[in-house]
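Coordinates in review
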Amino acid sequence: MYSWATDLFPINRSLTGAGVRQTLAYLANLLPGLVIHDVPSGMKAFDWTIPDEWTIRDAYIANESGERVVDFQQHNLHVVGYSEPVDLWMDREELEQHLHSLPDQPDAIPYITSYYARRWGFCLTHNQRLSLPPARYHVVVDSDLKPGVLNYAELILPGEMDDEVLLSTYICHPSMANNELSGPVVTTALVQWLQSLEKRRYTYRIVFVPETIGSIVYLSRNIDQLKRQVIAGFNITCIGDDRCYSYLPSRTGSTLSDQAALHVLKHTDSDFKHYSWLDRGSDERQYCAPGVDLPIATIMRSKYGEYPEYHTSLDNFDVVTLSGLEGGFIALRRAIEIIEQNIHLKTTVLCEPQLGKRGLYPNLSTKESGEQVRAMMNLISYCDGSRTLLEIANLIEGPFWDLIIVVEKLVSYGLLEKIYIRTSLKAS
Amino acid sequence: MYSWATDLFPINRSLTGAGVRQTLAYLANLLPGLVIHDVPSGMKAFDWTIPDEWTIRDAYIANESGERVVDFQQHNLHVVGYSEPVDLWMDREELEQHLHSLPDQPDAIPYITSYYARRWGFCLTHNQRLSLPPARYHVVVDSDLKPGVLNYAELILPGEMDDEVLLSTYICHPSMANNELSGPVVTTALVQWLQSLEKRRYTYRIVFVPETIGSIVYLSRNIDQLKRQVIAGFNITCIGDDRCYSYLPSRTGSTLSDQAALHVLKHTDSDFKHYSWLDRGSDERQYCAPGVDLPIATIMRSKYGEYPEYHTSLDNFDVVTLSGLEGGFIALRRAIEIIEQNIHLKTTVLCEPQLGKRGLYPNLSTKESGEQVRAMMNLISYCDGSRTLLEIANLIEGPFWDLIIVVEKLVSYGLLEKIYIRTSLKAS
Amino acid sequence: MYSWATDLFPINRSLTGAGVRQTLAYLANLLPGLVIHDVPSGMKAFDWTIPDEWTIRDAYIANESGERVVDFQQHNLHVVGYSEPVDLWMDREELEQHLHSLPDQPDAIPYITSYYARRWGFCLTHNQRLSLPPARYHVVVDSDLKPGVLNYAELILPGEMDDEVLLSTYICHPSMANNELSGPVVTTALVQWLQSLEKRRYTYRIVFVPETIGSIVYLSRNIDQLKRQVIAGFNITCIGDDRCYSYLPSRTGSTLSDQAALHVLKHTDSDFKHYSWLDRGSDERQYCAPGVDLPIATIMRSKYGEYPEYHTSLDNFDVVTLSGLEGGFIALRRAIEIIEQNIHLKTTVLCEPQLGKRGLYPNLSTKESGEQVRAMMNLISYCDGSRTLLEIANLIEGPFWDLIIVVEKLVSYGLLEKIYIRTSLKAS
């Protein structure tokens, strides 16, 4: 995963344009079957309209000596996203209105965009800004803003059921590592893992979209099917640093995705951060919107907006680490495993089974012997057919991934029966 | 309001009699349309019977020199309410059994009544009592207890719907300011405000009754209509001092009145006192009685029984202040506004609306810009048609009166739709 | 109760055999109508099979001088329960593998059984064990393990209804006082009290069984009737010491038995220990098993497994005391009284009744007089026909046994009406 992230890091992504296509092509190479879609500018999607495509070839501020003092070639955050073309000489004072920097983080280039209002601008470190003397400057943005397409990619992995798990991530941010490259690379690793499984209970729908407009477009084209089939899913973002784990609920907070996320995080890091719907800020805003109501929750490492490097040039590989990505991958994989394996369970005998005659119980009853089979008996004691394994795991406060092993053993002894009940499609 | 209270303060009110009529006449002058009813003594009302009317002309204890040492003309709390007539000479010791004072509050005259058992007595400060020497005293109560009427007043303000909001207050206490003159004067101000509104969604039913027997009589005469039509309401009492805010729930604690009261008080004074149904003591005892079950809650300043001056001559205008009355008025007005305006809300577009194209969103996306529209987006995110604005306000922890402004703006842009769903008549 | 316990203490009980029959015969003498059942070895009961009957005549370890150094005649815990017959000479080292002691409690003989795997062994104090020198020992267990019967006893006390309260206790432990003689003796006292009642609303089914296999056998023979008729019940164990009170819930924790137990313990000892279903360990494991789901909760003094003397020779009459047994008896009796008397209540008048005219209210209204009738009025205020007296007692935080007196008074005045609603048979 780490090398995918470093490969993709330099590409200048935005809502639209060559950077997005280059990124999707790289991912298609890793994910056979990935289909890249394009949607023309001007097309409507619910309350929104696909914007013009933005092409950026070069952008810089040069001084009177022709020296580039701010240069898009150095860092693609230097130009405000969706800047319109400009080629002007101006003095320091006029230039000032088009500069963006962060006085509190004087060595960080901020990430600024202006998708829906035409303007141009440059982002730079505050120290750089202070070092620009009064003088004439040559300002060039060599860009186009004209009708083109918006791209997104989609992959369907069929399962035993038509019911679907939706994984969504986004590919519209330029060179930043946690928000966002961690999202597409962890998603790619999850898809490769899903592809490697012998069988999948659910069908998986994975989408790589530009944030907000992309998920809105995707929803506008697929909403009936999504509402009919999606039983769980995750928006995958900010999943690459090693500082903490975070949970952001769906709108209701009670979907299977929420239950799985909470269980995984509780047993992964008891200090995980529990955000509220009011803290939302990514595509769950669309997937869980009123009337859309898909059961989408979010598992993150450090949440967008909550770590100091967020939306600056400092969100790099000092923030994102291999162990950070791996921890995020494992948490999401476990959440998906819970969704896959969350059957109802029912005992096959009335009263407790006699474990002893099957070699599952110590024959000699001593003061301590009871402890050894307690976990197994606790599990059995809740298998009345009305509870899922996830509910039982929460009742007996053990991790799902340990209990599933005990379940398989008891099923093999004929003591438990798995019951498959279709997960409710109840709204997010 | 303050001058109404000071005007009404000297009148000697009781369950029945001239003081009640004088008080209601004063209020009728302020409230065009107020209808004064009379109910004859001896009439049955559920388990109760209207008592005889009490007329008190004079009452005093005089010493052998003819000097009045305790005198009803000085303070109408000096005579026990409903004292039967007496004209006797007796010594200090015999007199003692008819005296009431408060050793712990030696400068307060207590307020004592004996409505349903015939007796007579005098209330005085404990210091006054200690200063009465052994001697012969002339005890006179010039009163009548004979069949007459019990009075109450009623006003109906029609609204767009037949569904009603009930406001009830009481007018049976002599010269005390918080319990009770604050009740009728704040109610009068609320009625004048309701009369000034261009339109009212609900019909308002306002009653001024003697406490307990009055609300029981009123219920016995109107119960079918009240149970059919009252969707919310408040018992208005102890609403004039400036020390704190208090909430006393309906019997179930979950009616719209309770929800509105809790929301107002939470956003008015986070330290408001939250009493329980077990602390009740006024007409909610009747309005929320089993089988009556009207949705009546209580918003107070300092609760009856909980402030040191309660039911004594010290409950005067040192306790009740203009700002105390105004604070109480505003809290109740806000609660009524919530009940009036508590619609269900539904977005008109799927996914988030594009606020930018409507000038509702900053065009330049910066690290901070998100905060500015967060409240608006939070509101929209909950408008799925299943929640009322009050529920949404509680979810996003903002005051209803701020949110309603945002709602009107979004409705005017066509982004939200109001849905009027009839408030459940579910019992208190 | 205390003398019954001391009478029964020396008998050598086990799952089966003469000790059980001797114990049941003693109880039958106290409880006219007690029926003793026998079930043949080899019979199936759900997942289990009735084991062979164990007869133990003598058991000892003797040294080369013929001196008995460990002797079943001295204490019946000395032999491992269900030990197979043996008559061998062996050296100290070989003997070692058949000895059980507790290094942490060097003066306690542990209680060990091996019901379902054939072996033999001796239990002794750790000090005794350390004092056995290397030498040849003569080991004798004079026992039989052959087809016979398993015994249990049952008593039905008919009530006005066919709905039943089940009381279950066990009689399979040798000389230990809290676990288990406290169980059968407190149960016996409860049955004598139930027999003494003029009338019983419910039918009572009392069973004395060997633990686990006994309750499974009993369930396998009676499950349809039990599921149809049992509305509440208790497993009675560890109810004789004076250290604390304990509660162990049914599987759901919400049955009438649970509610009654929690109410009694809250008002008996506010520091009572509240265990969870995960702490279970006695016959509630069978009665509340998935698919069985009887509403059985457990009230204990010191819980099995939680006191140091548990399952050792130290669980004697230093642990169990008369006051301990009496406290346990009263707690269970109160829980049964709640189940018997837990009617729904409804006022007969609308609004508050006028207590004064019935002499139930002080005539003279003073600042304090309200307090006196508050409990009565609180009770009445909740009697809307939808709540049981137990629910009301919890709402007003008073003990059921005080409130029932007030209820009877108000019923006698015609102010309250009792409504009998059949207790739900909803699962444990």
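Located above this text is the structure these notes cover.
Residues numbered from 1 in each chain as written. Chains lettered and ligands numbered in written order. Predicted model: local features only at pLDDT ≥ 70, side-chain atom pairs only at ≥ 80, totals over all residues. Heavy atoms only, no water.

Here we look at the overall build of chain A
Applied cut-off: Secondary structure elements follow DSSP: runs of H or I of four or more residues count as helices, runs of E of two or more count as strands, with numbering from the N terminus. Buried residues are those whose accessible area, probed at 1.4 Å on protein chains only, stays under 20% of the maximum for their type, while exposed residues exceed 50% and partly exposed ones sit between those limits. We call two residues in contact when some of their heavy atoms are within 4.5 Å.
Scanning chain A from N- to C-terminus turns up 13 helices and 19 strands. For chain A, the spread of C-alpha atoms along the principal axes amounts to about 90 × 45 × 35 Å. Expressed as a percentage of the 428 residues in chain A, the buried residues total 62%. For chain A, contacts bridging at least 24 residues in sequence account for 81% of all contacts bridging at least 6.

A word on the interface of chain B and chain C
This is how the line gets drawn: Once two parts are put together, the accessible area they lose, assessed with a 1.4 Å probe and summed over both, is termed the buried area. Here, a salt bridge means any Lys or Arg side-chain nitrogen found within 4 Å of an Asp or Glu carboxyl oxygen. In the analysis that follows, any N or O atom pair within 3.5 Å is treated as a polar contact, provided that within protein one partner can donate a hydrogen and the other can accept it, and provided that, for residues neighboring in sequence, both atoms belong to side chains.
Taken together, the 28 residues of chain B in the interface contact 25 residues of chain C. Around 2400 Å² of area is buried between chain B and chain C when both sides are counted, 51% of it from carbon and sulfur atoms. Ranking the residues of chain B by area buried against chain C places D47, L278 and P290 of chain B at the top, with a combined share of 28%. Our count for the contact surface shared by chain B and chain C stands at four salt bridges. Inspection of the region where chain B meets chain C yields 13 residue pairs in polar contact (both at pLDDT 80 or more). Where the side of chain B that touches chain C is concerned, the elements lending two or more residues are α6 (213–229) and α8 (284–287) of chain B.

Description of the relation of the copies chain B and chain C
The criterion, for reference: In this comparison the copies share one frame, found by least squares on the C-alpha atoms of residues holding pLDDT of at least 70 in both.
Turning chain B through 120 degrees and shifting it by 0.2 Å along the axis lays it on chain C, with an RMSD of 0.1 Å. The relationship between the two copies is best expressed as a three-fold rotation axis. Residue S254 of chain B of chain B places its C-alpha closer to the rotation axis than any other residue of that unit, at 13 Å.

Concerning the nonpolar core
Put simply, the test is: Among the buried residues, those of types Ala, Val, Leu, Ile, Met, Phe, Trp, Tyr and Cys that are joined through side-chain atoms within 4.5 Å form a nonpolar core.
Within the largest apolar cluster, 144 residues are counted, with the highest numbers of intra-cluster contacts made by V186, F234 and L379 of chain A. It is helix α5 (residues 177–196) of chain A that contributes the most residues to this core, nine residues altogether. One finds L15, V209 and Y287 of chain A together with Y307 of chain B within the second-largest nonpolar core, a separate group that totals 136 residues.

Things to note about the sheet that holds strand β12 (residues 203–209) of chain A
By definition, the strands of a sheet pair up through backbone hydrogen bonds, in either a parallel or an antiparallel sense. Residues and elements named next belong to chain A. Put simply, the rule reads: At least two DSSP bridges between two strands are required for those strands to pair. Under this scheme, a helix contributes an axis fitted over its contacting stretch, all axes are lines through C-alpha atoms, and angles between N-to-C directions fall in the 0 to 180 degree range.
The eight strands are arranged β1-β10-β12-β11-β13-β16-β14-β15 in an open sheet whose pairing can be described as mixed. Where the open sheet ends on each side, the last strands, each with one partner, are β1 (35–40) and β15 (273–274). With two bridges joining them, strand β13 (residues 230–235) and strand β16 (residues 296–300) adopt parallel strand pairing. By the bridge assignment, F234 is partnered in β16 with A297. Across the face of the sheet, α5 comes into contact with β10 (149–157), β11 (164–170) and β12 while running at roughly 150 degrees to β11.

As for the interface of chain A and chain B
Taken residue by residue, the interface counts 28 residues in chain A and 25 residues in chain B. Counting the surface lost from both chain A and chain B, the interface buries some 2400 Å², and carbon and sulfur atoms represent 50% of this. The largest share of the area that chain A buries against chain B comes from D47, L278 and P290 of chain A, three residues that together contribute 28% of it. Put simply, K357 of chain B and D47 of chain A hold a salt bridge, and the shortest N to O gap is 3.5 Å. Our enumeration of links across chain A and chain B arrives at 13 residue pairs in polar contact (both at pLDDT 80 or more). Of all the elements in the fold, those that place two or more residues in the side of chain A that touches chain B are α6 (213–229) and α8 (284–287) of chain A.

Looking at α6 of chain B
All names here are of chain B. Heads up, the condition is: Multiplying 1.5 Å by the residue count of a helix minus one yields the expected span of that helix. Think of it this way: the bend at a residue is just the angle between two axes, each fitted to seven residues, one set ending at that residue and the other starting at it.
Over its 17 residues, α6 runs 22 Å from end to end, which matches the ideal 24 Å to within 8%, given 1.5 Å per residue. The sharpest bend along α6 measures roughly 80 degrees and falls at N222. Three or more residues of α6 are buried, namely I213, G214, S215, I216, V217, Y218, L219, N222, I223, L226 and Q229.

Concerning the sheet that holds strand β9 (residues 136–146) of chain A
All names here are of chain A. Spatially, β5-β4-β9-β6 is the arrangement adopted by the four strands of the open sheet, whose pairing is antiparallel. Lying at the two open borders of the sheet, with one neighbouring strand each, are β5 (68–71) and β6 (86–91). In this sheet, adjacent strand axes meet at a mean angle of 20 degrees when their direction is disregarded. In this structure, β6 lies alongside β9, joined through six bridges in antiparallel fashion.

Some remarks on the pattern of salt bridges
Counted according to the given criterion, the structure contains 72 salt bridges over all chains. The salt bridge involving E154 of chain A is made with R205 of chain A; its shortest N-O contact spans 3.4 Å. Remark: R205 of chain A occurs in strand β12 and E154 of chain A occurs in strand β10; sequence separation between them is 51 residues. Residue classification places E154 of chain A among the buried positions, given a relative accessible area of 12%. The shortest N-O distance in the salt bridge between E160 of chain C and K199 of chain C comes to 3.5 Å. Here K199 of chain C lies in the loop between α5 (177–196) and β12 (203–209) and E160 of chain C lies in the loop between β10 (149–157) and β11 (164–170), a separation of 39 residues in the sequence. Salt bridges linked by common partners bring R57, D142, D144 and K146 of chain A together as one network.

Side note on unusual backbone geometry
Within the chain, H311 of chain B stands out as a residue other than glycine whose phi angle is a positive 55 degrees. Relative to the helices and strands, H311 of chain B resides in the loop between β16 (296–300) and α9 (322–341).

Digging into the environment of C244 of chain C
All names here are of chain C. The topology assignment puts C244 in the loop between β13 (230–235) and β14 (246–248). Under the relative-accessibility criterion, C244 is labelled buried at 11%. Measuring from C-alpha to C-alpha, the distance between C244 and G324 comes to 9.0 Å, with 80 residues separating the pair along the chain. Every residue in contact with C244, bar those within four places of it in the chain, is listed here: D269, K273, M300, R301 and S302.

Some details on the packing of aromatic side chains
Worth spelling out the cut-off: Pairing of aromatic rings covers Phe, Tyr and the six-membered ring of Trp, with a centre-to-centre limit of 6.5 Å; geometry is then stacked below 30 degrees between planes, edge-to-face above 60, and tilted otherwise. Two thresholds decide whether a charge sits over a ring: the Lys NZ or Arg CZ must be within 6 Å of the ring centre and within 35 degrees of the ring normal.
Under the defined criterion, the tally for this structure stands at 27 aromatic pairs over all chains. Where Y82 of chain A meets Y115 of chain A, the ring centres are 5.4 Å apart and the plane angle is 90 degrees; that geometry is what we call edge-to-face. Here Y82 of chain A, found in the loop between β5 and β6, pairs with Y115 of chain A, found in the loop between β7 (99–100) and β8 (122–123); they are 33 residues apart in sequence, far enough to count as distant. Ring pairs connect the aromatic residues W48, W54, Y82, Y115 and Y116 of chain A, which therefore count as one cluster. Taking NZ or CZ as reference, R301 of chain A lies 3.8 Å from the ring centre of Y245 of chain A, over its face. The ring of W401 of chain C carries the charged tip of R334 of chain C above its face, separated from the ring centre by 4.0 Å.

Some points on the packing of α5 of chain A against helix α9 (residues 322–341) of chain A
Residues and elements named next belong to chain A. As a reminder of what qualifies: Roughly parallel means an angle under 35 degrees; roughly antiparallel means over 145; roughly perpendicular covers 65 to 115; every other angle is labelled oblique. If you view the pair so one helix is near and one far, a crossing is left-handed when the near helix is turned anticlockwise from the far one by less than a right angle, and right-handed when it is turned clockwise. Under the convention adopted here, Pro, Cys and the residues Ala, Val, Leu, Ile, Met, Phe, Trp and Tyr are nonpolar, Asp, Glu, Lys and Arg are charged, and Gly plus all remaining residues are polar.
At their nearest, the axes of α5 and α9 sit 10 Å apart, and the two run at 50 degrees to each other. Classed by the angle they form, the pair α5 and α9 counts as oblique. In this structure, α5 meets α9 at a crossing whose hand is right-handed. Of α9, the residues touching α5 (which contributes S182, V185, V186, A189, L190, W193 and L194) are L325, F329, L332, R333, I336 and E337. Counted by class, the contact of α5 with α9 contains ten nonpolar, one polar and two charged residues.

Quick word on the packing of helix α9 (residues 322–341) of chain C against helix α13 (residues 400–412) of chain C
Any two packed helices are characterised by the angle at which their axes cross and by the distance between the axes. All names here are of chain C. For the pair α9 and α13, interaxial distance at closest approach is 10 Å and the crossing angle is 35 degrees. Handedness of the crossing formed by α9 with α13: left-handed. Side by side, α9 and α13 meet where R334, E337, I338 and Q341 of the first sit next to F400, W401 and I404 of the second. Residues that form the contact of α9 with α13 fall into these classes: four nonpolar, one polar and two charged.

Some words on the pairing of strand β13 (residues 230–235) of chain B
Each regular strand carries side chains that alternate between the two faces of the sheet. Residues and elements named next belong to chain B. For β13, a buried count of six out of six residues is recorded, marking the element as mostly surrounded by other parts of the structure. Of the pairings in the sheet, the one linking strand β11 (residues 164–170) to β13 comprises five bridges and is parallel in character. Bridge pairing in β13 links L167 to F234.

Here's the deal with the environment of N12 of chain A
Residues and elements named next belong to chain A. Tracing the sequence through the fold places N12 in the loop between α1 (2–8) and α2 (18–30). What makes N12 buried here is its relative accessible area of 18%. Dropping the residues within four chain positions of it, N12 is found in contact with G19, W54, I56, F72, N76 and P174.

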